[in-house]
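Commentary on secondary and tertiary structure
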Amino acid sequence: MTESDGAAGRGQIRAAGDRAWLIEPGPSVGAAEFAAALRRARIAGVEDILPAATTVLVTVVSPLLAESVRRAAADLMIALSRGGGASGAVVAGTMGAGTMGAVTMGAVTRGPADGDPVVIPVHYVGEDLEQVAELLGTSVRAVIDRHTSTLWRCEFVGFAPGFGYLRASHDELSVPRRERARTSVPAGAVALAGGYSAVYPRSSPGGWQLIGHTEAVLWDERRDPPALIRAGGAVRFVEAGR
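Figured I'd write up the structure that's included with this text. (Residues numbered from 1 in each chain as written. Predicted model: local features only at pLDDT ≥ 70, side-chain atom pairs only at ≥ 80, totals over all residues. Heavy atoms only, no water.)

What follows is about the layout of surface pockets. By volume, the largest pocket amounts to about 720 Å³. Residue lining of the largest pocket: 30 residues in total, with Arg39, Arg230, Ala231, Gly232 and Gly233 positioned closest to the centre. For the lining of the largest pocket, the element with the highest residue contribution is strand E4 (residues 46-51), accounting for four residues. Across the lining of the largest pocket, the residue classes tally to 18 nonpolar, four polar and eight charged. (1 Å grid on protein atoms, 1.4 Å probe; cavity = no way out; pocket = protein on both sides within 12 Å on 5 of 7 lines; lining within 4 Å. Points joined across faces, edges and corners; volume = space filled by probe spheres on them. Helix = DSSP H or I, 4+ residues; strand = E, 2+ residues; numbered from the N terminus. Nonpolar A, V, L, I, M, F, W, Y, C, P; charged D, E, K, R; others polar.)

Right, let's talk about unusual backbone geometry for a bit. Looking along the chain, the bond that leaves Asp224 and enters Pro225 is cis, with omega of 0°. Tracing the backbone shows Pro225 in the loop between strand E15 (209-213) and strand E16 (234-239). Of note in the backbone geometry, Arg42 takes a positive phi value of approximately 50° without being a glycine. Note that Arg42 resides in the loop between helix H1 (31-41) and E4. Of the residues examined, Arg42 reaches a relative accessible area of 66% and is grouped as exposed. Positive phi, normally seen in glycine, also occurs at Phe159, with a value near 70°. Here Phe159 lies in the loop between strand E9 (151-157) and strand E10 (164-167). Classification of Phe159 as exposed rests on a relative accessible area of 52%. (Buried < 20%, exposed > 50% of the residue type's maximum accessible area, 1.4 Å probe, protein only.)

Okay, the nonpolar core next. Here is a general trend for soluble globular proteins: nonpolar side chains tend to be buried in one another's company. Counting residues in each nonpolar core, the largest one holds 23 residues, and the members touching the most others are Ile13, Trp21, Ile23, Phe34, Leu38, Val56 and Leu76. The set of elements that each furnish at least two residues to this core consists of strand E3 (20-24), H1, strand E5 (56-60) and helix H2 (66-81). Here the element with the most residues in this core is H2; it accounts for eight residues. Residues Ile120, Ala168, Leu192 and Ile211 belong to the second largest nonpolar core, which totals 22 residues. (Core = buried A, V, L, I, M, F, W, Y, C linked by side-chain atoms within 4.5 Å.)

Looking now at the pattern of salt bridges. The tally for this structure, following the rule as stated, stands at 12 salt bridges. As a salt-bridge pair, Glu67 and Arg71 come within 3.8 Å of each other at their nearest N and O atoms. Of this pair, Glu67 and Arg71 both sit in helix H2, four residues apart, which is roughly one turn of the helix. Judged by its relative accessible area of 33%, Glu67 falls in the partly exposed class. With a relative accessible area of 41%, Arg71 lands in the partly exposed category. (Salt bridge = Lys/Arg side-chain N within 4 Å of Asp/Glu carboxyl O.)

Relative to E3, strand E2 (residues 12-15) runs antiparallel, the two sharing four bridges. Following the sheet pairing, Ala15 is matched in E3 by Trp21. Between the end of E2 and the start of E3, which pair antiparallel, lie four residues, with Gly17 showing a positive phi angle near 85°. Pairing between E3 and E5: four bridges, direction antiparallel. Counterpart to Ile23 in the pairing with E5 is Val56. (Pairing = 2+ DSSP bridges.)

Here you go:
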């Protein structure tokens, strides 16, 4: 089953079983932005919100609430695609269990996810740092300065527990993956590839360009939540020792 929001190019909502929706917000609204707006809207019946690169999977506590969640998500998608700032506009939703309500545009305005950024100290001594500078046509110092001056946003989590795909508001540090992946990248390695930055939470194979390392623990099952970086959250890197 495929549902659109009624306007071409604004995205689609597809059923993923009887208690989940796979939502593609469309070109005017990013998946991370839409996921953050969903969290702020607090639609009753939503159990979990999982953003990916271009889609958001929304699971529902019961099949009985699936349709009301779909309608609220569709209205939210329309509101965001129109700019999220129209005075007096209202998005239909369910604010409490069994209670129909409304989400005002003040609850769904475009903006960064709530909360202070996670600060990660980095030793910029990565094996590929000089190569990255060459690819970008700049100096090593300029790469470090740009990496630390950028506020990164976690668009989604994947590959390994705690591995957040961090996107900047610019493409000035966009470099390709390595032609040949490494068989082992150490835990804590800070890397760039394909317009993203990331920190490897554990030792694993990988093909990203390594620019540094951190002692920060990205995934700890004894911590609540275990992940240091969560989808929708902000991250800022700082140069260790400065």
